[in-house]
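Residue-level listing of the chains:
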Amino acid sequence: MIRLPALWQTLRQWARALKSQVMTLWFCRQHPQTPLLAKLMAVLVVAYALSPIDLIPDFIPVLGYLDDVLLLPLGIYVTLALLPENVIVESRARAEAWIAGSQVRPRSYVMAFAIVCLWIAAAWWLWRWFVER
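Criteria and thresholds
- Residues numbered from 1 in each chain as written.
- Predicted model: local features only at pLDDT ≥ 70, side-chain atom pairs only at ≥ 80, totals over all residues.
- Heavy atoms only, no water.
- 1 Å grid on protein atoms, 1.4 Å probe; cavity = no way out; pocket = protein on both sides within 12 Å on 5 of 7 lines; lining within 4 Å.
- Points joined across faces, edges and corners; volume = space filled by probe spheres on them.
- Helix = DSSP H or I, 4+ residues; strand = E, 2+ residues; numbered from the N terminus.
- Buried < 20%, exposed > 50% of the residue type's maximum accessible area, 1.4 Å probe, protein only.
- pLDDT = per-residue confidence, 0-100.
- Contact = heavy atoms within 4.5 Å.

Trainee: Even after reading the chapter, I still don't get the layout of surface pockets, so can you show me in this structure?
Mentor: With a probe scaled to a water molecule rolled over the atoms, the places where space remains empty come into view. Quantified by volume, the second largest pocket comes out at close to 200 Å³. Along the walls of the second largest pocket sit 10 residues, with Leu44, Val45, Tyr48, Leu71 and Met111 positioned nearest its centre. When contributions to the lining of the second largest pocket are tallied by element, the ones reaching two or more residues are helix H2 (36-50), helix H3 (63-82) and helix H5 (109-132). In terms of residues, the lining of the second largest pocket owes the most to one element, H2, which gives four residues.

Pasting the structure below:
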């Protein structure tokens, strides 16, 4: 039987690790030795992670948390796989120092705007599809 306090502690540790990985990618995207594809992936993953709006809203059952549980960790994993080891090590050290010294979470309003535009485009497309039928 799973004890709730132990599960809660595990989830909190996982969330802290995820935050650390996102901040590592934040610093990787600025590193001069980061390849272009890895920079682009890092920008997308970090912008999505720091966006105040989810691609799939959390109030939608199951699917709402799917992006947080699958898409974000997958994006982090793929991006880290594209990076040289020395870039990861240096960026991870900078991220840990930033996390230790700052509790303010940065936000990506550009990605929030992009997600809102995506939802508007999807709504427009659905409206056109239903009207033309």
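Here the narrative resumes.
Trainee: I tried to follow the environment of Trp98 on my own but got confused; where do I start?
Mentor: The topology assignment puts Trp98 in helix H4 (residues 85-101). For Trp98, a relative accessible area of 23% puts it in the partly exposed group. On a C-alpha basis, the gap between Trp98 and Thr24 in space is 9.7 Å, while along the polypeptide they are 74 residues apart.

Trainee: Where do I start with the confidence of the model for the protein chain in this structure?
Mentor: Detail in the predicted coordinates should be disregarded across regions flagged by low pLDDT. Taken as a whole, the protein chain shows an average pLDDT of 81; of its residues, 79% reach a score of 70 or greater. At the low end of the mean pLDDT range in the protein chain sits helix H1 (residues 4-28), at 77; at the high end sits H4, at 89.

Trainee: Teacher, can you tell me more about the environment of Ala42 here?
Mentor: If you trace the backbone, Ala42 turns up in helix H2. Once the C-alpha coordinates of Ala42 and Val22 are considered, the two residues, 20 residues apart in sequence, prove to be 8.6 Å apart. Not counting chain neighbours up to four residues away, the residues in contact with Ala42 comprise Leu25, Arg29 and Thr79.

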